[in-house]
Amino acid sequence: MLLTASRVFTISKRSFHAYPIAKKFVITPEIKAAIDRKGPVVALESTIISHGMPYPQNVETAKAVENIIREQGAIPATIALLDGKVHIGLTDETLEHLGKIGPKAQKTSRRDLSVVLSQNKAGATTVASTMILARAAGIPVFVTGGIGGVHRGAEQSFDISADLTELGRTPVAVVCAGVKSILDIPKTLEVLETQGVTVTTIGKDNKFPAFYTPDSGFKSPYHVEDPLDAAKSIYANHELEMNSGMVFAVPIPSASAADAASIQRAIDTAIAEARANNVYGKEETPFLLKRISELTKGKSLAASKLDLTFAMLLKLTEIHMLDIALVK
Ligand code: PSU
Ligand code: MN
C-alpha cells in the first residue's frame, strides 16, 4: 500500500503563498527551506498528542507519523504553541515536552490563539488552529485522524466544532479518516455544505467514512480513486482563490476496521456518561475519546484492535496526504 516518493504530487501555486511571518513563528530550518523551494510539506496537529493519548505513546505515535511522511519524500510539520511562539515543526525536545505535559497544554482552537500566545502558555492546536497556522506559514495540506463536527444534540447545545467554520474560511486541504460517530455525521456533512467545503472520499466509492469503520452510512458528495484528481481539485480551489478549505476522507480498509457494533456500544456509553457528568464544550471531545479508549480496552482483543486501527489510520492518512501534497 505504500506509495513511492515519485507519487508525491506538487500543486502549482497561484494565490497560495505564505503570509509575511511574524516574529512569533519559529519554523525549523528544514521546513523553512522546503516551503521556500515549494517542496512538499505536511502539517500535523498537536491536540492529538496532548489530549489524544497518554505519554509516551503520544510521542511514539507522533514520531511514527512523521517518519511515514519522510519515507514518502515529504517533510512533516507538527504545529504547537510554546512560550509565546508558534512552532512550525517540533524538535525531539519540544515534542517530548508537549507529550509529557499532555493535557496541561491548553487545547487551542481559533478563539484561544490570542490568549495562549500572549500569555506564553503551552497550546496544542486543533484542526481549526492548525489550519490557520499552516496557512500562514504557506503549507496547504494537513493530515489528521478525525476532524471535529456537529455534536449529537447540537439542536439543544449549539455545540458545533470551530473546525467546520474554519474549513469554510481557510484554504487548507485536510486529509482525515472521516468523522467519528461520537458526532452527528449527517449534520456535520450539512454544515460542511453550508460552509462551502468540498468533501471528497479518496477510494472506490462515495461512502463517507467514520474513522473506525470505512462506511458511516452517509454518502460523500464526491469521491476520487486517484489522488492526482484530489490534487487537481486543490489546485482549482487555489486558482479560483476560494479561500475555503477542503476535506479529503480516506476510509480505513475493511480488514482493519474495528468491530462497528462494539465501538458503537462504547460510544453510546461514553456519550451517556458525558451527559450524566455534565461534560460539555471543549471538554467533550477529549472526554469521549478517552472513555471510548478505556471502554474498549476492557476487552483486550477489541482494545488492541482499536489501538492498531488508530495507528494504521494515521499511517494511511499520512500516506495519502503525501500523495496530494503540495504547492509549487
Ligand atoms: N476528533 C477526533 N479526534 C481528535 C479531535 C477530534 O476524532 O483528536 C480533536 C481535533 O484536534 C479536533 C478537535 O480539531 O478535537 C475538535 O474539538 P472541538 O469539538 O472542541 O472543536
Ligand atoms: Mn465544541
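Everything here concerns the structure above.
Overview of the structure. (Residues numbered from 1 in each chain as written. Chains lettered and ligands numbered in written order. Predicted model: local features only at pLDDT ≥ 70, side-chain atom pairs only at ≥ 80, totals over all residues. Heavy atoms only, no water.)

### With respect to the nonpolar core
Here comes step 1: Core analysis: the largest hydrophobic core is formed by 58 residues, its most contacted members being I88, I139, I147 and L167.
Here comes step 2: At 7 residues, helix α6 (residues 127-137) tops the list of elements feeding residues into this core.
Here comes step 3: What I147 contacts, discounting residues up to four positions off in sequence, is V127, D163, L164, L167, V174, C176, G178, V179, L183 and V247.
Here comes step 4: The next biggest cluster of nonpolar side chains, apart from the first, holds 16 residues, and it includes L44, A173, A230 and F248. (Core = buried A, V, L, I, M, F, W, Y, C linked by side-chain atoms within 4.5 Å. Buried < 20%, exposed > 50% of the residue type's maximum accessible area, 1.4 Å probe, protein only. Helix = DSSP H or I, 4+ residues; strand = E, 2+ residues; numbered from the N terminus. Contact = heavy atoms within 4.5 Å.)

### Topic: the side chain of S244
Here comes step 1: Looking at the element boundaries, S244 is found in the loop between α10 (227-239) and β13 (246-249).
Here comes step 2: Ignoring any residue separated from it by four or fewer positions in sequence, one finds S244 in contact with L167, G168, R169, T170, P171, G196 and N237.

### Considerations on the pairing of strand β9 (residues 198-202)
Here comes step 1: Buried residues dominate β9, accounting for 4 of its 5 residues.
Here comes step 2: Bridge analysis of β9 against β13 gives 4 bridges, and the strand direction is parallel. Opposite V199, over in β13, you have V247 as the bridge partner.
Here comes step 3: Relative to strand β12 (residues 222-224), β9 runs parallel, the two being bridged by 3 bridges. Among the inter-strand pairings, T201 is bridged to a residue of β12, identified as H223. (Pairing = 2+ DSSP bridges.)

### Describing the site of ligand 1
Here comes step 1: Lining the immediate environment of ligand 1, one finds 14 residues, of which E45, K107, V127, S161 and D163 sit closest.
Here comes step 2: One of the side-chain nitrogen or oxygen atoms of K180 is found 3.0 Å away from an oxygen atom of ligand 1.
Here comes step 3: The side chain of T285 places a nitrogen or oxygen atom 3.2 Å from an oxygen atom of ligand 1.
Here comes step 4: Here the shell around ligand 1 is composed, by residue class, of 3 nonpolar, 6 polar and 5 charged. (Near = heavy atom within 4 Å. Polar contact = N/O pair within 3.5 Å; in protein donor to acceptor, adjacent residues only side chain to side chain. Nonpolar A, V, L, I, M, F, W, Y, C, P; charged D, E, K, R; others polar.)

### A short note on helix α4 (residues 92-101)
Here comes step 1: Of the residues making up α4, those classed as buried are T94, L95, L98 and G99. Buried residues of α4, seen end-on, are gathered within an arc of 135° and therefore sit on one face of the element. Within α4, the exposed residues directed more than 90 degrees away from the buried face are D92, E93 and K100.
Here comes step 2: Next to the buried residues of α4 lie α2 (47-50), α3 (57-71), β3 (75-82) and β4 (85-88).
Here comes step 3: Phi for G102, located one or two positions after α4, is positive at around 50°. (Arc of directions from axis to C-beta.)

### So, the packing of α3 against α4
Packed helix pairs are specified by the crossing angle of their axes together with the interaxial distance, meaning the distance between the axes.
Here comes step 1: At a minimum axis separation of 8 Å, α3 and α4 run at an interaxial angle of 140°. Relative to α4, α3 is oriented oblique. The two elements α3 and α4 meet at a crossing, and its hand is right-handed. Contact residues: N58, V59, A62 and K63 in α3; D92, L95, E96 and G99 in α4.
Here comes step 2: Here the contact of α3 with α4 is composed, by residue class, of 3 nonpolar, 2 polar and 3 charged. (Axes fitted to C-alpha atoms, helices over the stretch in contact; angles between N-to-C directions. Parallel < 35°, antiparallel > 145°, perpendicular 65-115°, else oblique. Left-handed = near helix turned anticlockwise from the far one by under 90°.)

### Considerations on the pattern of salt bridges
Here comes step 1: Overall, the coordinates contain 15 salt bridges when judged by the stated rule.
Here comes step 2: The shortest N-O distance in the salt bridge between E96 and K100 comes to 3.8 Å. Linking E96 with K100, this pair stays in helix α4, spanning 4 residues, or about one helical turn.
Here comes step 3: For R111, the salt bridge goes to D112, with nearest N and O atoms at 2.7 Å.
Here comes step 4: Judged by relative accessible area, which is 60%, R111 ranks as exposed.
Here comes step 5: One salt-bridge network, held together by shared partners, links E273, K290, R291 and E294. (Salt bridge = Lys/Arg side-chain N within 4 Å of Asp/Glu carboxyl O.)

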